[in-house]
Amino acid sequence: MISLPGSPATSLLRVLFLGLTTLASPSRAQLEVHLSASLTKLRAVEGAEVVLPAWYSLHGELSPTKPKSWEAPTVMWFFLEGKDKNMSQVLAHIGQVTTGEPRASLVHSMPSRNVSLRLRDLQEKDSGSYLCFVNLQDSQGTVKGQSSKHLELDVLVPPAPPSCHLRGVAHVGTNVTLSCKSPRSKPTAQYQWVRSPPSSQVFFAPVLDAIHGSLSLKNLSTSMSGMYVCKAHNEVGSAQCNVTLTVSTGPRATVVAGAVVGTMVGLGLLAGLVLLYQRRGKALEEPANDIKEDAIAPRTLSWPKGSDTISKNGTLSSVTSARALRPPQGPSRLGALTPTPSLSSQVLPSPRLPRPDGAHPQPISPAPGGVSSSALNRIGAVPVMVPAQSQAGSLV
């Protein structure tokens, strides 16, 4: 918006405008302000300049002509502020004197029927409705006519440099969001994300939110690392920012890798223990099955020289158990049987062997309390020949 500081002259101009508007009737109006039909709503870019075109003509003229020598126009431009359309003066040309905001000026020097207004160094607040008022008088001060027209100005703002941010932790397997936002833009900026070379990539919906400027990257991998550029743009300009994404094998990946390695190490240790146990078992079994070459043979019993127990054919001579020759100790109990018959208690007939003295051996009767061979056979006893001892203690 362009305005002049309040002053008595400004107030006087407003009163003059309102008074002339009230006093001049359409029948007395002899001029008309013209605006281009295609330029009733102008658009300009902030920081640039714009010309609000306007001119006037007298009734009955077929084409614009130069002003007559008696014409003394009064030209005023107003800015209509807010919904209430409060008028704020932008420029005034009265009696060959032009006043106004430094950023506002007339395009042509007066007198001229072209009363276009030039605005420089536009700001967004300059957007709004502008009113051009022309009052024509002759050299005697007689009002010949007046007219006014208004037009709209819309000041557009290119996007201000946006700011880029990374939301989330860029680890392998995680999700992150790249955000981009421009603080000022008219109309509202649209956003586009691209990945810079050497891995160029352009993103579209649904991963890209062109209105809010967010880019969603899911299930990150190390190959997704690189520079990402956000471009904010509208119909009058653009701006951009960038953010570098570095995907690392962070704690989550380390935990997974550690778990895998730990499992493999544990299985390896278990297999090693099993093999060690098997080898130890085999090592314990092998000495029991091996014949020791350096083992000492069992000692042989020394037999008396006079004994003729073993014959030349390798058979033991018939002997009777010494236990069978001994008398029983005390009377045997009636009805009592030996639970496990001993072979030593069996009296076996001894084969007749030649005696050195030529005497014939006498058969030895079983001692009282002995068990007959038929009884031993019935209970399944196995007969074994054992050497007998003489009264002197030597084997016979």
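Placed above this text is the structure.
Now for a quick tour of the structure. Because the structure is predicted, anything quoted here is derived from the model rather than measured.

**Some thoughts on the overall build of the protein**
Thinking step 1. Counting secondary structure elements, the protein contains four helices and 19 strands.
Thinking step 2. For the protein, buried positions account for 30% of its 396 residues.
Thinking step 3. The contacts in the protein between residues at least 6 apart in sequence include a share of 62% that link residues at least 24 apart.
Thinking step 4. For the protein, the exposed area adds up to about 25700 Å²; of that, 59% sits on carbon and sulfur atoms.

**Observations concerning the pairing of strand E7 (residues 97-100)**
Thinking step 1. Both strand E6 (residues 86-94) and E7 contribute to a ladder of four bridges, which runs antiparallel. Within E7, the residue paired with leucine 91 across the bridge is glycine 100.
Thinking step 2. Counted along the chain from E6 to the antiparallel partner E7, the turn is two residues long, and its residue glycine 95 has a positive phi close to 55°.

**A closer look at the sheet that holds strand E17 (residues 214-217)**
Thinking step 1. Strand order in the open sheet formed by four strands is E12-E13-E17-E16, and the pairing between neighbours is antiparallel. Where the open sheet ends on each side, the last strands, each with one partner, are strand E12 (163-167) and strand E16 (208-209).
Thinking step 2. Bridging between E16 and E17 involves two bridges; their strand directions are antiparallel. By the bridge assignment, aspartate 209 is partnered in E17 with serine 214.

**A few points about a nonpolar patch on the surface**
Thinking step 1. The grouping of Val261, Val265 and Leu269 at the surface amounts to a nonpolar patch, some 280 Å² of accessible area in total.
Thinking step 2. By secondary structure assignment, the location of leucine 269 is in helix H2 (residues 251-289).
Thinking step 3. Look at leucine 269 and you get exposed, because its relative accessible area is 57%.

**Brief notes about the packing of aromatic side chains**
Thinking step 1. Tallied over the full model, the rule gives two aromatic pairs.
Thinking step 2. Ring centres of phenylalanine 79 and tyrosine 130 lie 4.9 Å apart, and the angle between their planes is 55°; on these two criteria the pair is classed as tilted. Of the two residues, phenylalanine 79 is situated in strand E5 (residues 72-81) and tyrosine 130 in strand E10 (residues 128-137); the sequence distance between them amounts to 51 residues. Like tyrosine 130, phenylalanine 79 is buried.

**Observations concerning the nonpolar core**
Thinking step 1. Core analysis: the largest hydrophobic core is formed by 29 residues, its most contacted members being Leu52, Trp77, Leu119, Tyr130 and Leu153.
Thinking step 2. The greatest single-element share of this core, amounting to four residues, is contributed by E10.
Thinking step 3. Among residues more than four places away in sequence, those in contact with tyrosine 130 are Leu52, Trp77, Phe78, Phe79, Val90, Leu119, Lys149, His150, Leu151 and Leu153.
Thinking step 4. Within the second largest apolar cluster, 21 residues are counted, among which are Cys164, Leu178, Leu217 and Met224.

**Quick look at the state of the cysteines**
Thinking step 1. This model, assessed by the stated rule, comprises two disulfides.
Thinking step 2. The disulfide that involves cysteine 164 links it to cysteine 241, with 1.8 Å between the sulfurs. In this structure the cystine formed by cysteine 164 and cysteine 241 twists about its S-S bond by roughly 75°; its chirality is therefore right-handed. Here cysteine 241 lies in strand E19 (residues 237-245) and cysteine 164 lies in strand E12, a separation of 77 residues in the sequence.
Thinking step 3. Using a relative accessible area of 16% as the deciding quantity, one classes cysteine 164 as buried.
Thinking step 4. On the basis of relative accessible area, cysteine 241 is assigned to the buried category, the value being 11%.

**Concerning unusual backbone geometry**
Thinking step 1. Here the residue pair proline 197 and proline 198 is connected by a cis peptide bond, since its omega of 10° sits within 30 degrees of zero.
Thinking step 2. For proline 198, the location among the structural elements is in the loop between strand E14 (190-195) and strand E15 (201-202).
Thinking step 3. For the peptide bond that leads from alanine 205 to proline 206, omega is 10°, which places it in the cis range.
Thinking step 4. On the secondary structure map, proline 206 appears in the loop between E15 and E16.
Thinking step 5. Phi is positive for glutamine 96, which is not a glycine, with a value near 65°.

Rules behind the numbers
- Residues numbered from 1 in each chain as written.
- Predicted model: local features only at pLDDT ≥ 70, side-chain atom pairs only at ≥ 80, totals over all residues.
- Heavy atoms only, no water.
- Helix = DSSP H or I, 4+ residues; strand = E, 2+ residues; numbered from the N terminus.
- Buried < 20%, exposed > 50% of the residue type's maximum accessible area, 1.4 Å probe, protein only.
- Contact = heavy atoms within 4.5 Å.
- Areas by Shrake-Rupley, 256 points an atom, 1.4 Å probe, with all protein chains shown as cover.
- Pairing = 2+ DSSP bridges.
- Patch = residues over 30% accessible without salt bridge, like charges linked within 9 Å, V, L, I, M, F, W, Y side chains within 5 Å.
- Salt bridge = Lys/Arg side-chain N within 4 Å of Asp/Glu carboxyl O.
- Phe/Tyr/Trp six-rings, centres within 6.5 Å; stacked < 30°, edge-to-face > 60°.
- Core = buried A, V, L, I, M, F, W, Y, C linked by side-chain atoms within 4.5 Å.
- Disulfide = S-S within 2.5 Å.

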